[in-house]
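In case you want the letters, here they are:
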Amino acid sequence: MDKLLSVVIPAFNEEAMVEKAASTIAGVLVEAGISYELIFVDDGSGDGTWEAILRAHEADKHVRGVSFSRNFGKDRAVFAGLSKARGDCVAVMDCDLQHPPEKLPEMVDLWRRGFEMVEGVKRDRGEESGFHKLCAGAFYSVISKLAKLDMKRSSDFKLMDRKAVDTLLALSEEDVFFRGLTAFVGFRRAEVEFDVAERTAGESKWSFRSLARYAVSSVTAFSAAPMQLATVFGVIFAVIAVVTGILYAIVGYDAEGWLVFLAVMGLLAIACVLVCLGVVGYYVGRAFRQSLGRPRFIISRECGE
Ligand code: UDP
Ligand code: MG
């Protein structure tokens, strides 16, 4: 194939995986006869990830590397990779090989047939059961609706046409959210199902806290609806106030009972106001960071032509 495929691979503390990922991905692409470049983005790792990238570059000149001055997070690493990619199409995949490289030829095929955004979607195996599944299901469907994304099955494993990549790079938001923005830009889409492989080395960087943060940032990037919580609370407390007033007029004077009731309602109202302030504060924070106009990431080192 005379067309070039760039593969962007964000890597944070992946010294154990970089060389294996490079040789596995390159192996698949060479066998399929696809011209390629691999772009590893060292996201401010504290281990020997950069040295591993240099070794991978020595072993295969198709490997290029970029290193951040500190950890900026996966999404920004992906965008740094996209900005360096020179391919006619660009794939993004994890360094831990949880996104199967064997799917790349199939994705390139779809791209050749005219699809501009080929998305890897996780095969839904539904292995969890009972209460956990119920809670996770409810959580995902609320968040997905707000964020306008299928959070359960969508992944960061994608192959995009140059047009889609350039469109993404032209977006000006500082707080980039790759999965959401690829949904936002649209383009002709195709899906490729894959099974998430087990991690063979290193460890997942996701904790419950980082997942919660991810959910919040994906919702706030795509919906202003949470700020209407204030309106909802306002209406609820207005109704309570009217009903209480009427009841007080009809039922009469049990001073102590009313006092307790009013105190509880008062505290509840204050709590709701504070929660709403927090929600609005989150959006103001986003706008504030955007207004500073700082760069999305800072590159300290690069290797490869
Ligand atoms: N990653 C990154 N920066 C970070 C965290 C993760 O570049 O701050 C990379 C990581 O090296 C891997 C990919 O993002 O290539 C997915 O991370 P991980 O495997 O920890 O996530 P999971 O597969 O558990 O969702
Ligand atoms: Mg992983």
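Below is a short write-up of the structure. (Residues numbered from 1 in each chain as written. Chains lettered and ligands numbered in written order. Predicted model: local features only at pLDDT ≥ 70, side-chain atom pairs only at ≥ 80, totals over all residues. Heavy atoms only, no water.)

### What about helix 10 (residues 255-292)?
For helix 10, built from 38 residues, the straight-helix expectation of 56 Å at 1.5 Å per residue is met to within 8% by its first-to-last C-alpha distance of 54 Å. Elements that come into contact with the buried residues of helix 10 comprise helix 8 (208-222) and helix 9 (229-251). Phi turns positive, to about 65 degrees, at Gly293, one or two residues after helix 10. (Helix = DSSP H or I, 4+ residues; strand = E, 2+ residues; numbered from the N terminus. Expected span 1.5 Å × (residues − 1). Contact = heavy atoms within 4.5 Å.)

### Observations concerning the state of the cysteines
For the structure on display, the rule yields zero disulfides. The cysteine Cys89 is free of any disulfide, with Cys95 supplying the nearest cysteine sulfur at 20 Å. Taking the relative accessible area as the measure of exposure, Cys89 reaches 0% and is therefore buried. (Disulfide = S-S within 2.5 Å. Buried < 20%, exposed > 50% of the residue type's maximum accessible area, 1.4 Å probe, protein only.)

### Focus: the pairing of strand 5 (residues 117-122)
The buried fraction of strand 5 is high, at five of six residues. Two strands pair when backbone bridges link them, and strand 5 and strand 6 (residues 154-161) are joined in this way by four bridges, in the antiparallel orientation. Counted as the bridge partner of Val121 is Ser154 from strand 6. Pairing between strand 5 and strand 7 (residues 189-194): six bridges, direction parallel. Looking at the pairing, Val118 lines up with Ala190 of strand 7. (Pairing = 2+ DSSP bridges.)

### A few points about the packing of aromatic side chains
Under the criterion given, the structure shown has five aromatic pairs. Relative to Phe72, the ring of Phe68 has its centre 5.4 Å away and its plane inclined at 85 degrees; by these criteria the two rings are edge-to-face. Both residues of the pair, Phe68 and Phe72, belong to the buried class. Members of the aromatic cluster, each reached through a chain of ring pairs, are Phe68, Phe72 and Phe297. (Phe/Tyr/Trp six-rings, centres within 6.5 Å; stacked < 30°, edge-to-face > 60°.)

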